[in-house]
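Coordinates in review
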Amino acid sequence: MTVDATLDRLSATQTDAPEAPGEPSRVDLAALYRDSGIGDVLAELDRDLVGLVPVKTRIREIAAHLLVERARESLGLASGAPTLHMCFSGNPGTGKTTVALRMAEVLHRLGYIRRNHLVSVTRDDLVGQYIGHTAPKTRDVLKRAMGGVLFIDEAYYLYRPENERDYGQEAIEILLQTMENQRDDLVVILAGYESRMETFFQSNPGFRSRIAHHITFPDYNEAELLEIAERMLATMHYRFDADSRLAFSDYLARRIRLPNFANARSVRNALDRARLRQANRLFETALQGRAPTDTAALTLLTAADIRASRVFDERAPELDFPRAGHDTPPPDRIQNT
Amino acid sequence: MRITQGTFSFLPDLTDEEIGLQIDYALRQGWACSIEFTDDPHPRNTYWEMWGLPMFDLHDAAGVLQEVKACRAARPNHYIKVNAFDSTRGFETMRLSFIVNRPADEPGFRLNREEGWGRTQRYSLTSYAGDRPAGERYGATR
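Residues numbered from 1 in each chain as written. Chains lettered and ligands numbered in written order. Predicted model: local features only at pLDDT ≥ 70, side-chain atom pairs only at ≥ 80, totals over all residues. Heavy atoms only, no water.

The name given to chain B in an unreviewed UniProt entry is Ribulose bisphosphate carboxylase small subunit, with Paraburkholderia aromaticivorans as the source organism. Per UniProt, chain B has the following entry under Subunit (unreviewed entry): "Heterohexadecamer of 8 large and 8 small subunits." Entered under Sequence similarities (unreviewed entry) in the UniProt record, the comment concerning chain B runs "Belongs to the RuBisCO small chain family." (UniProt positions renumbered as here; feature names shortened; annotations may be inferred.)

Pasting the structure below:
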């Protein structure tokens, strides 16, 4: 991470190159970096999000760029307000929404948006149902997002080529106009699956040129998914033992190859189902008149809880049709985030 | 005659930047802004026309300012004010209200004196612009 190294070197050299008072042609980048508190946000990003290396690198680059932009501005080097609109593309469950929330904070710390708030919308919130309904609806949403970040999830639904009288086009026009004219009031982040975003941009070339940062979210590998699972369990006060950890990595290895795999979201769903099975198991042992349940038992997901999953069932390799029963994994919904 | 109603009305007209700061203050207090306009600014006329609905879900002044500008463009010769409504229990009323647009030419009001029974003097105000129909009082456009 070259940017990281640069920032580190900046904080190192800062002490031996003190700022001469009244010298207008120099600026202390390291001080700017410290004052903005951006380091904390980036460190938090590194700590809280598993994997996503290209995304983190890109965010660091953007942060560094904006910081340098600030420095240039203070020296009177005109460069115009930078375009900050972004596009997050990636498969389901790769953390697009989570990163968008962090992005709002990064931009807020750097002073490029006035408020640390994010308005998350989908097509339903922007496009109206009848003629003349769309424009006020879209403007209303834009007004609500002013000063912060507008996050449009599954943005490609805005454009429906199969229906030429679709009102989505109207919303797109208003959006583009605002993105261009009120660049310092609003940052728009589009998100969606990569292939469909590509088609969307092809049919709306105006969008592509107005978006400066296209960030692609890679899929997680098994090790990363396992770490995500452990973190999810930790926040829910559950835990794996050695056996069940092995079982879960087994589960992941199988699940990744199945259709409708949705990365971290599939992990969450799998854990939810394991928790159901654990509850059922605890209940049954309790009814058999065993010793009272203790904390260790209540927090532990055993290998059996995980291996009961239908993914391990060799007779039913296809998971497209959910069967009845609590251990049936519903197919992860690709359409929804 | 310059009309003095609401907050800041004895000050020179606020610039857009100052209006934005005032709106920011109102939003910080958790008040909801709304915009109203009229061409009948009689002091007893408390019911001005609403420009859109009150904006309950805004966090930033830019949205309100956008509406102020839209209202100005549509009603350049009207009085326009921004209201900030406090929904806190116990208040539930307007906490701040200031004029953000006024017609270029304000003819003002005439004081009418009416002789009542037993030399009682009754007073009333009549707007010089009020004789013309609504919409044409302070200029030709709308």
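A separate point is the interface of chain B and chain A. With 10 residues of chain B in contact, the opposing surface of chain A contributes 10 residues. Surface buried jointly by chain B and chain A totals about 900 Å² across both partners, of which 51% is contributed by carbon and sulfur atoms. The largest share of the area that chain B buries against chain A comes from His-59, Asp-60 and Gln-66 of chain B, three residues that together contribute 51% of it. At the junction of chain B with chain A, the criterion picks out 5 salt bridges. Across the pair Glu-67 of chain B and Lys-143 of chain A runs a salt bridge, and its minimum N-O distance is 3.3 Å. A class-by-class count of the residues in the side of chain B that touches chain A yields 3 nonpolar, 3 polar and 4 charged. (Contact = heavy atoms within 4.5 Å. Buried area = accessible area lost by both parts, 1.4 Å probe. Salt bridge = Lys/Arg side-chain N within 4 Å of Asp/Glu carboxyl O. Nonpolar A, V, L, I, M, F, W, Y, C, P; charged D, E, K, R; others polar.)

Residue and element names in this part refer to chain A. Strand order in the open sheet made by the 5 strands is β2-β3-β4-β1-β5, with parallel pairing throughout. Looking at which strands have only one partner, the edges of the open sheet turn out to be β2 (118-121) and β5 (213-217). Each strand of the sheet is rotated relative to its neighbour by a mean of 20 degrees, with strand direction disregarded. As judged from the 5 bridges shared by strand β1 (residues 86-90) and β5, these two strands associate in the parallel manner. From the neighbouring strand, Gly-90 faces β5, where its bridge partner is Phe-217. Contacts from helix α4 (residues 53-74) reach β1 and β5 within the one sheet, and its direction differs from that of β5 by about 160 degrees. Across the sheet, helix α9 (residues 194-203) is in contact with β1, β4 (187-192) and β5; its angle to β4 comes to roughly 125 degrees. (Pairing = 2+ DSSP bridges. Helix = DSSP H or I, 4+ residues; strand = E, 2+ residues; numbered from the N terminus. Axes fitted to C-alpha atoms, helices over the stretch in contact; angles between N-to-C directions.)

For the rest of this paragraph, the subject is the packing of helix α3 (residues 38-48) of chain A against helix α5 (residues 96-109) of chain A. Residue and element names in this part refer to chain A. Two elements in contact, α3 and α5, have axes whose closest approach is 9 Å; the angle formed by their N-to-C orientations is 165 degrees. By the criterion of interaxial angle, the relationship of α3 to α5 is roughly antiparallel. Relative to α5, α3 is oriented so that their crossing is left-handed. Residues Ile-38, Asp-40, Val-41, Glu-44, Leu-45 and Asp-48 of α3 touch α5, and the partners they reach there are Arg-102, Glu-105, Val-106 and Arg-109. Classifying every residue of the contact of α3 with α5 by side-chain character gives 4 nonpolar, no polar and 6 charged. (Parallel < 35°, antiparallel > 145°, perpendicular 65-115°, else oblique. Left-handed = near helix turned anticlockwise from the far one by under 90°.)

Let us look at the nonpolar core. Of all hydrophobic cores here, the largest spans 58 residues; its most connected members are Phe-88, Ile-189 and Phe-248 of chain A. Sequence-distant contacts of Ile-189 of chain A, that is, excluding residues within four places in its chain, are made with Met-86, Phe-88, Ala-100, Met-103, Val-149, Leu-150, Phe-151 and Ile-152 of chain A. (Core = buried A, V, L, I, M, F, W, Y, C linked by side-chain atoms within 4.5 Å. Buried < 20%, exposed > 50% of the residue type's maximum accessible area, 1.4 Å probe, protein only.)

Summarizing the sequence annotation, UniProt attributes the feature "domain: Ribulose bisphosphate carboxylase small subunit" (unreviewed entry) to residues 4-103 of chain B in the numbering used throughout. Overall, residues 4-103 of chain B shows 27% helix and 26% strand. The separation of its end C-alpha atoms is 13 Å.

Residues and elements named next belong to chain A. Look at helix α12 (residues 242-257) against helix α13 (residues 263-287): their axes get within 12 Å of each other, and the N-to-C directions meet at 130 degrees. Put simply, α12 runs oblique to α13. Note that α12 runs across α13; the crossing there is right-handed. Contacts from Phe-248, Tyr-251, Leu-252 and Arg-255 in α12 reach Ser-266, Val-267, Ala-270, Leu-271 and Arg-273 in α13. Counted by class, the contact of α12 with α13 contains 6 nonpolar, 1 polar and 2 charged residues.

Attention now moves to α5 of chain A. Residue and element names in this part refer to chain A. Between its terminal C-alpha atoms α5 stretches 20 Å, which fits the 20 Å expected from 14 residues at 1.5 Å a residue. All of the buried residues in α5 are Lys-96, Val-99, Ala-100, Arg-102, Met-103, Ala-104, Val-106 and Leu-107. Two residues or fewer past α5, Gly-111 is found with a positive phi of approximately 80 degrees. (Expected span 1.5 Å × (residues − 1).)

Using the criterion set out here, one finds 28 salt bridges over all chains in the structure. Here Arg-114 of chain A ties to Asp-60 of chain B by a salt bridge, and the two come within 2.3 Å at their closest N and O atoms. Of the two residues, Arg-114 of chain A sits in the loop between α5 and β2 while Asp-60 of chain B sits in the loop between β2 (49-50) and α2 (61-74), which places them in two different chains. Using a relative accessible area of 0% as the deciding quantity, one classes Asp-60 of chain B as buried. When salt bridges that share partners are traced, they join Arg-114, Arg-115 and Asp-185 of chain A together with Asp-24 and Asp-60 of chain B into one network.

Before going further, it helps to spend a moment on the sheet that holds strand β1 (residues 32-38) of chain B. Residues and elements named next belong to chain B. With antiparallel pairing, 4 strands are arranged side by side in an open sheet as β2-β1-β3-β4. Either end of the sheet is taken by a strand with one partner, and the two such strands are β2 and β4 (93-101). Pairing of β1 with β2, which is carried by 2 bridges, proceeds in the antiparallel orientation. Bridge pairing in β2 links Phe-37 to Glu-49. Running at roughly 170 degrees to β4, helix α1 (residues 16-28) makes contact with β1, β3 (79-86) and β4 of the sheet. Running over the sheet, α2 touches β1, β3 and β4 and is turned about 10 degrees from β1.

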